[in-house]
Amino acid sequence: MIRGIKGIKDITPDEIPKWSVVERSAHALAQAFGFHEIRIPVFERTDLFVHSIGGTTDIVEKEMYTFPDKDGTSLTLRPEGTAGVVRAFIERGLKTYEASRKLYYIGPMFRHERPQAGRLRQFHQFGVEYVGSSDPSADVEVITLLWRYFSALQLPGLSLELNSLGQLADRQAYKEELVSFLKTKADGLCENCRRRLETNPLRTLDCKVPKCREATTDAPFLTGFLSTSSKEHFDRVLQGLQALAIPYSINPRLVRGLDYYSMTTFEVSSSVLGAQNAIGAGGRYDGLFETLGGVPTPAVGFAIGLERVILALPDSSLPELEPWVFVASFGKKGREVGNTLMDSLRSHHLKADTDYTASTLKTLLRSADRLNAPYVVIIGDDEAANNQVILRNMATKEQEIHALDSASTAIRKRLGFRKHVET
RNA sequence: GUGGGUGUAGCUCAGUUGGUUAGAGCGCCGGAUUGUGGAUCCGGAGGUCGCGGGUUCAAUUCCCGUCACUCACCCCA
């Protein structure tokens, strides 16, 4: 047997109802906020990700699926969505279309990590990018969409954390101060963090190793190094969230793992998820356009891990099933009539199905029961001879007789089915 | 990349100091009910005990290796 790849899952039909809800809500809400869908490739030149995500991040250092194209060009399966969206934005000149300043995407991402609960090698993200505005209202709008999305799906145990990384200059001043502080504590740091001292000192702050937490307890926080304008921006974001009654807490240790973030960063986690509890996160990335060769353009966005959303999704968020009928036809003539009626119902987009492996009324009904059919149309040779059909309500066991020639419309009416055929 | 746990029927799991035909519940198929599902009763099908090697008269059980799954670390959505 040829097996699937480690960490890459099939989404089977029984899981699809949850995926449908999660995806439909994403489309509906993003569009309600004025975002437009964009579909970008699942692979790009490796350079794009190295430059945008940052060469010293774990993602780039060891988690990318990278392979040479036939001409030797290094290509990579996208580990996240923002880089590709920004690339497309610059390359396609999307700024000339006002509508394209607010973009969203849904699709698979790839990272070579050890799989565990809520972490897969192919996973799916719903992300948005609000391009072109440095106004704190844009941050607020993006965070609001993130929060409203989770609320609409009734995900339990959520909390929103915010931080500001300041502008580049703020961060550089802070970095120097932080490094000199950390050097006095170097003995108390884990091996990883001692390396980070050189490569990415900010990340020592959200290290989970207890002795590192202890060592950094008295570390200076970035908050104290924010410029007046950075501070004002952050304050206005907080005010905006308060005005919309979105609950948040400030976490000065919240440092995002991707290099391109600046100013506002945020993360939503769920207490019902286990170790991988970050369910959606993002921030402002005002410098990324320039890094990727575009004109300097402010932007803010988020990404949500859909597998994690689905893990946290309560059954009560699933929609009620659409009504449908099971056609229980048997006998030579009965089958003929049944198949004709079934085709008529389907042509009107009412779901109608049967089970050709069942040939007696008993087995047909059992099959209908197993499929949770709310209604069954019974057509044996007797009914066929009389030009009648029986409509059985499976829950109440009530049966009514309909004339064959009006059966299709009568059944649709009985089920309260209103869908029209699009021509 | 590093640790821990688990691999026995379609699913969830038992399996007693190693002992002869490996069990249960659920599910599935059939019958009781020859044109009326779910409940009940009766019967039935279904297993290379993950794979490879070793110890032994004998291994699902003990040892080694290996693969898979899983949880956690790391990291992140």
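Remember, it's a predicted structure, so these values are computed and weren't measured experimentally.

Rules and cut-offs
Residues numbered from 1 in each chain as written. Chains lettered and ligands numbered in written order. Predicted model: local features only at pLDDT ≥ 70, side-chain atom pairs only at ≥ 80, totals over all residues. Heavy atoms only, no water. Buried < 20%, exposed > 50% of the residue type's maximum accessible area, 1.4 Å probe, protein only. Helix = DSSP H or I, 4+ residues; strand = E, 2+ residues; numbered from the N terminus. Pairing = 2+ DSSP bridges. Near = heavy atom within 4 Å. Polar contact = N/O pair within 3.5 Å; in protein donor to acceptor, adjacent residues only side chain to side chain. Nonpolar A, V, L, I, M, F, W, Y, C, P; charged D, E, K, R; others polar. 1 Å grid on protein atoms, 1.4 Å probe; cavity = no way out; pocket = protein on both sides within 12 Å on 5 of 7 lines; lining within 4 Å. Points joined across faces, edges and corners; volume = space filled by probe spheres on them. Domains from an automatic or database assignment. Salt bridge = Lys/Arg side-chain N within 4 Å of Asp/Glu carboxyl O. Axes fitted to C-alpha atoms, helices over the stretch in contact; angles between N-to-C directions. Left-handed = near helix turned anticlockwise from the far one by under 90°. Contact = heavy atoms within 4.5 Å.

*Asks:* How should the pairing of strand E12 (residues 325-329) be read in this particular structure?
*Replies:* Here is the key point about a regular strand: its side chains alternate between the two faces of the sheet. Within E12, five of the five residues are buried, which leaves it mostly tucked inside the rest of the structure. The alternating pattern of E12 places Val-325, Val-327 and Ser-329 on one face and Phe-326 and Ala-328 on the opposite face, and all of these are buried. Where E12 lies against strand E13 (residues 352-353), two bridges are found, and the strand directions are parallel. From the neighbouring strand, Phe-326 faces E13, where its bridge partner is Asp-353.

*Asks:* Help me out: how do you make sense of the protein's contact with RNA strand B in this one?
*Replies:* What surrounds RNA strand B is a group of 49 residues, the closest being Arg-196, Ala-278, Asp-382, Met-394 and Lys-397. The contact atoms of RNA strand B, taken as those within 4 Å of the protein, divide so that sugar and phosphate hold 48%. The side chain of Arg-308 places a nitrogen or oxygen atom 2.9 Å from a base oxygen of RNA strand B. Between a base oxygen of RNA strand B and a side-chain N or O atom of Asp-382, the distance comes to 2.5 Å. For the surface near RNA strand B, the secondary structure elements donating two or more residues are helix H3 (58-63), strand E6 (122-131), helix H7 (191-199), strand E10 (278-284), strand E11 (299-305), helix H13 (361-370), helix H14 (381-386) and strand E15 (388-393). It is H13 that provides the largest number of residues to the surface near RNA strand B, a total of six residues. Split into classes, the residues belonging to the surface near RNA strand B amount to 16 nonpolar, 10 polar and 23 charged.

*Asks:* Would you take a moment to explain the layout of surface pockets for this structure?
*Replies:* With a probe scaled to a water molecule rolled over the atoms, the places where space remains empty come into view. The calculated volume of the largest pocket comes to roughly 1,600 Å³. Lining the largest pocket are 50 residues; nearest its centre among them are Lys-208, Arg-256, Glu-267, Gln-276 and Ala-278. Size it by volume and the second largest pocket reaches roughly 550 Å³. In terms of lining residues, the second largest pocket is bounded by 22 residues, among which Pro-17, Glu-320, Leu-321, Glu-322 and Lys-351 are the most central. In terms of residues, the lining of the second largest pocket owes the most to one element, helix H1 (residues 16-32), which gives five residues. Looking at the lining of the second largest pocket residue by residue, the class counts come to 12 nonpolar, three polar and seven charged. Three or more residues apiece are contributed to the lining of the second largest pocket by two domains, here domain 1 (13-167 + 227-317) and domain 2 (325-414).

*Asks:* Help me understand the pattern of salt bridges in this model?
*Replies:* In a structure, side chains of opposite charge can pair up when their charged atoms sit close to one another. The tally for this structure, following the rule as stated, stands at 14 salt bridges. The salt bridge partner of Arg-414 is Glu-400, with a shortest N-O separation of 3.0 Å. Of the two residues, Arg-414 is situated in helix H15 (residues 407-414) and Glu-400 in strand E16 (residues 399-403); the sequence distance between them amounts to 14 residues. Residue Glu-400 is classed as partly exposed on the basis of its relative accessible area of 26%. Salt bridges linked by common partners bring Glu-44, Arg-87, Glu-91 and Arg-92 together as one network.

*Asks:* What exactly am I supposed to notice about the packing of H1 against helix H5 (residues 136-152) here?
*Replies:* Think of two packed helices as two axes; the pair is described by the angle between the axes and how far apart they sit. Two numbers describe how H1 lies on H5: the axes approach to 10 Å, and their chain directions differ by 145°. The element H1 and its partner H5 pack so that their crossing is right-handed. Where H1 abuts H5, its residues Val-22, Ser-25, Ala-26, Leu-29 and Ala-30 lie against Leu-145, Arg-148 and Tyr-149. Tallied by class, residues from the contact of H1 with H5 come to six nonpolar, one polar and one charged.

*Asks:* What exactly am I supposed to notice about unusual backbone geometry here?
*Replies:* Backbone geometry follows two general trends: most residues other than glycine have a negative phi, and most peptide bonds adopt the trans configuration. A positive phi is found at Ala-245, a non-glycine position, where the angle reads about 60°. Among the secondary structure elements, Ala-245 is positioned in the loop between helix H9 (228-243) and strand E8 (249-250). Phi at Lys-397 is positive, roughly 65°, even though this residue is not glycine. Summarising the element assignment, Lys-397 is placed in the loop between E15 and E16. Relative accessible area serves as the criterion here: at 59%, Lys-397 is assigned to the exposed category.

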